[in-house]
Amino acid sequence: MIEKERRVPEIIMQLHALLRRIPEMVHGREKAASELNKPKAGFIGEQKLDYYLDFLDEKKYRIFHGLRLSNRKQFFHMDTLLLTKRFAMILKVKNWNGTFILEPNFHQLIRIHNEKEEAFHDPISKAEHQSR
């Protein structure tokens, strides 16, 4: 059963509102449109995951989308938390293209896309940190 529904992230709604107000030929509109792509792709990926979560028995599973929790020192975000009587699973959704290389010794993930390399923080370390 879905205990907390997935909502469109505020940043997506804000950027859409901004783009509606900026005329086509104004300097900076392209940057705002580009800024919208990353959170929008992430949200689309989360929606794709929801299709598969719909197959779970709602009597056995509790699903919490978009949790923002505190450990009393700071806040953190979980895309989805899946709970049963026996376990809790944090689901971190990525909707990326390209080739990925996990470098556990350096705690980073390398993405190669369109002949360009990009480094990201290791998502496994992040999930382990959140689970604590």
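These numbers come from a predicted model, not from an experiment.

> What exactly am I supposed to notice about the side chain of Asp79 here?
By the element assignment, Asp79 lies in strand β3 (residues 75-83). A distance of 2.8 Å separates the side chain of Asp79 from the backbone nitrogen of Val93, its partner in a polar contact.

> Looking at this structure, I do not really get the sheet that holds strand β7 (residues 116-121). What am I missing?
Sheet strands pair via backbone hydrogen bonds, and the direction of the pair is either parallel or antiparallel. Strands sit in the order β5-β6-β7 across an open sheet of 3 strands; the sheet is antiparallel. Edge positions in the sheet fall to β5 (99-103) and β7, since each has one partner strand and no second. Shown here is a sheet whose adjacent strand axes are inclined to one another by a mean of 20°, direction ignored. The pairing of β5 with strand β6 (residues 108-113) spans 5 bridges and is classified as antiparallel. When the bridges of β6 are listed, Glu103 appears paired with Gln108.

> Can you walk me through the pattern of salt bridges in this structure?
Side-chain pairing between opposite charges can occur once the charged atoms of the two side chains come close. As enumerated under the stated definition, the model contains 7 salt bridges in all. Measuring nitrogen to oxygen at the nearest pair gives 3.1 Å for the salt bridge that ties Glu3 to Arg62. Here Arg62 lies in strand β2 (residues 62-70) and Glu3 lies in strand β1 (residues 2-4), a separation of 59 residues in the sequence. For Glu3, a relative accessible area of 39% translates into the label partly exposed. Relative accessible area serves as the criterion here: at 31%, Arg62 is assigned to the partly exposed category. The shortest N-O distance in the salt bridge between Lys92 and Asp79 comes to 3.5 Å. Pair noted here: Lys92 is in the loop between β4 (88-91) and β5 and Asp79 is in strand β3, with a separation of 13 residues, a long-range link. Overlapping salt bridges, with partners in common, bring together Arg6, Glu46 and Asp50 in one network.

> Please clarify how the pairing of β2 should be interpreted in this entry.
It is a general feature of regular strands that their side chains alternate between the two faces of the sheet. Of the strand pairs in this sheet, β1 and β2 are connected by 2 bridges, and their pairing is parallel. Each bridged residue has a counterpart across the sheet, and for Lys4 the counterpart in β2 is Phe64. Note: β2 against β3, 8 bridges, orientation antiparallel. Bridging from a neighbouring strand, Leu67 pairs with Met78 of β3.

Conventions and cut-offs
- Residues numbered from 1 in each chain as written.
- Predicted model: local features only at pLDDT ≥ 70, side-chain atom pairs only at ≥ 80, totals over all residues.
- Heavy atoms only, no water.
- Helix = DSSP H or I, 4+ residues; strand = E, 2+ residues; numbered from the N terminus.
- Polar contact = N/O pair within 3.5 Å; in protein donor to acceptor, adjacent residues only side chain to side chain.
- Pairing = 2+ DSSP bridges.
- Axes fitted to C-alpha atoms, helices over the stretch in contact; angles between N-to-C directions.
- Salt bridge = Lys/Arg side-chain N within 4 Å of Asp/Glu carboxyl O.
- Buried < 20%, exposed > 50% of the residue type's maximum accessible area, 1.4 Å probe, protein only.

Keep in mind these numbers describe shape, not what the thing actually does.
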